[in-house]
Amino acid sequence: MTTSLDPAVATRLKRDANGLFPAIAQQYDTGEVLMLGWMDDEALHRTLTTGRCTYWSRSRQEYWVKGDTSGHTQHVRSVALDCDGDTVLVKVDQVGAACHTGDRTCFDAGTLPLAAE
C-alpha cells in the first residue's frame, strides 16, 4: 500500500506484523483516556491531515473515521509518538461517547482488584 505519510514520521514508527500500531485517544482538556484503536501509516496520515481520527478496523479490514456512523466524533488537537515509536497518543475533543457501547470511555467497565499489600 502506498501512503502519503511524511517519510520523516514513517521512519520513526514501529509496527506489528500487520503494519499496525496502537493509537490511544485522550480527551485533550481533562486527560481522560477514551479508547484504544489501531492505525497504520495511511490512517495516521488521514488523522494528521483531516483533523478527524481515522482508525483501521482489524475485524472489518477497512478504515473508519470515528463518528461517521455514530455522530460521536473525535476532533484532533495534537498527536504524539511515544519514545519507542510504537504507540501514538491522539489528544482529541470527543463529541459524545467514545466507546462503541455508548459509554463516554471504553475504560469504565470496572476496575480490576489489586492484591493487598
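Conventions adopted
- Residues numbered from 1 in each chain as written.
- Predicted model: local features only at pLDDT ≥ 70, side-chain atom pairs only at ≥ 80, totals over all residues.
- Heavy atoms only, no water.
- Helix = DSSP H or I, 4+ residues; strand = E, 2+ residues; numbered from the N terminus.
- Polar contact = N/O pair within 3.5 Å; in protein donor to acceptor, adjacent residues only side chain to side chain.
- Contact = heavy atoms within 4.5 Å.
- 1 Å grid on protein atoms, 1.4 Å probe; cavity = no way out; pocket = protein on both sides within 12 Å on 5 of 7 lines; lining within 4 Å.
- Points joined across faces, edges and corners; volume = space filled by probe spheres on them.
- Nonpolar A, V, L, I, M, F, W, Y, C, P; charged D, E, K, R; others polar.
- Pairing = 2+ DSSP bridges.
- Salt bridge = Lys/Arg side-chain N within 4 Å of Asp/Glu carboxyl O.
- Buried < 20%, exposed > 50% of the residue type's maximum accessible area, 1.4 Å probe, protein only.

1. Describing the side chain of Thr105
Summarising the element assignment, Thr105 is placed in the segment after β6 (88-94). A distance of 2.6 Å separates a polar atom in the side chain of Thr105 from the backbone oxygen of Val33. Setting aside residues up to four positions removed in sequence, Thr105 forms contacts with Glu32, Val33, Leu34 and Cys99.

2. Focus on the layout of surface pockets
Put simply, the largest pocket is a space of about 510 Å³. Lining the largest pocket are 23 residues; nearest its centre among them are Met35, Arg60, Trp64, Lys66 and His100. Listed by contribution, the elements that provide at least two residues to the lining of the largest pocket are β2 (33-39), β3 (54-57) and β4 (62-65). Counting residues per element, the lining of the largest pocket draws most heavily on β2, at four residues. Looking at the lining of the largest pocket residue by residue, the class counts come to ten nonpolar, nine polar and four charged.

3. Points about the pairing of β2
Alignment of strand β1 (residues 21-27) against β2, held across six bridges, turns out to be antiparallel. Directly across from Ala23, in β2, lies its bridge partner Gly37. The hairpin formed by β1 and β2 contains five residues between the paired strands, and Gly31 there has a positive phi angle of roughly 85°.

4. Topic: the pattern of salt bridges
All told, the structure shown has six salt bridges when counted by the stated rule. When the shortest N-O distance is used, the salt bridge between Arg104 and Glu32 registers 3.1 Å. Here Glu32 lies in the loop between β1 and β2 and Arg104 lies in the segment after β6, a separation of 72 residues in the sequence. Owing to a relative accessible area of 27%, Glu32 belongs among the partly exposed residues under this scheme. When the shortest N-O distance is used, the salt bridge between Asp68 and Arg52 registers 3.1 Å.

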